[in-house]
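# Remarks on the overall topology
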Amino acid sequence: VIEYFGSIVDGKNDIKGKPFPDIFLKAAYELKVKPEKCIVIEDVLVGVKAAKNAGMKAFAIYDEHAVREEKEIRKTVDFYAENFEQIIEKLGFKN
C-alpha cells in the first residue's frame, strides 16, 4: 500500500510529540499543502489538539479507548464521526 502515500512522516526524528503540531506540519510541508487546507483524522484528544495547533481541520472518529475524552473531543473538533463511513460521506466520496 505504500505506493498510495505521497509521504510518510513519523515521530522518530526531532519531532515534538502531540499536542505539539510538529508531525502534522512536517507532513503538510512534505506534501506541499498549506496547513489550512489539511484535514487530520484523529481518535484521541491530544491528536485533535495537535491538529488544531497546526491550523488544520480536525475530524475525530470514535475510539472505545478514548471514551473519557469524548466530550472534550467533540467540543474541539470540526467534525465527529462514529465510524469511517461517516467521514467518507462528509468528505463527499460516497454516492
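The structure reproduced in this document is the subject of the present report. (Residues numbered from 1 in each chain as written. Predicted model: local features only at pLDDT ≥ 70, side-chain atom pairs only at ≥ 80, totals over all residues. Heavy atoms only, no water.)

Turning to the layout of surface pockets, a few remarks are in order. There is about 390 Å³ of room inside the largest pocket. Elements with a minimum of two residues in the lining of the largest pocket: helix H1 (22-31) and strand E1 (39-42). A per-element tally of the lining of the largest pocket places H1 first, with five residues. Here the residues of the lining of the largest pocket sort into 14 nonpolar, two polar and two charged. (1 Å grid on protein atoms, 1.4 Å probe; cavity = no way out; pocket = protein on both sides within 12 Å on 5 of 7 lines; lining within 4 Å. Points joined across faces, edges and corners; volume = space filled by probe spheres on them. Helix = DSSP H or I, 4+ residues; strand = E, 2+ residues; numbered from the N terminus. Nonpolar A, V, L, I, M, F, W, Y, C, P; charged D, E, K, R; others polar.)

Attention now moves to a nonpolar patch on the surface. A cluster of nonpolar side chains, contributed by Ile-39, Ile-41, Phe-84, Ile-88, Leu-91 and Phe-93, occupies part of the molecular surface with about 570 Å² of accessible area. Secondary structure elements with two or more residues in the nonpolar patch: E1 and helix H4 (84-90). By the element assignment, Phe-93 lies in the segment after H4. (Patch = residues over 30% accessible without salt bridge, like charges linked within 9 Å, V, L, I, M, F, W, Y side chains within 5 Å. Areas by Shrake-Rupley, 256 points an atom, 1.4 Å probe, with all protein chains shown as cover. Salt bridge = Lys/Arg side-chain N within 4 Å of Asp/Glu carboxyl O.)

Let us look at empty space enclosed by the protein. This model, assessed by the stated rule, comprises one cavity of 30 Å³ or more. Here the largest cavity is characterised by a volume of approximately 40 Å³. As for the largest cavity, its lining consists of Asp-43, Ala-60, Ile-61, Tyr-62, Asp-63, Ala-66, Glu-70, Ile-73 and Tyr-80. Elements with a contribution of two residues or more to the lining of the largest cavity: strand E2 (57-61) and helix H3 (70-76). A breakdown of the residues in the lining of the largest cavity according to their chemical character gives six nonpolar, no polar and three charged.

This brings us to the pattern of salt bridges. On inspection of all chains with the given rule, the structure shows six salt bridges. With a closest N to O distance of 2.6 Å, Glu-42 and Lys-18 form a salt bridge. Here the residue Glu-42 occupies a position in strand E1, and Lys-18 occupies one in the segment before H1, the gap between them amounting to 24 residues. Residue Glu-42 is classed as buried on the basis of its relative accessible area, which comes to 9%. Three or more residues joined by partner-sharing salt bridges are found here, namely Glu-70, Arg-74 and Glu-82. (Buried < 20%, exposed > 50% of the residue type's maximum accessible area, 1.4 Å probe, protein only.)

So, about the packing of aromatic side chains. Tallied over the entire structure, the rule returns one aromatic pair. The ring centre of Phe-20 lies 4.7 Å from the NZ or CZ of Lys-16, which sits over that ring. (Phe/Tyr/Trp six-rings, centres within 6.5 Å; stacked < 30°, edge-to-face > 60°. Lys NZ or Arg CZ within 6 Å of the ring centre and 35° of its normal.)

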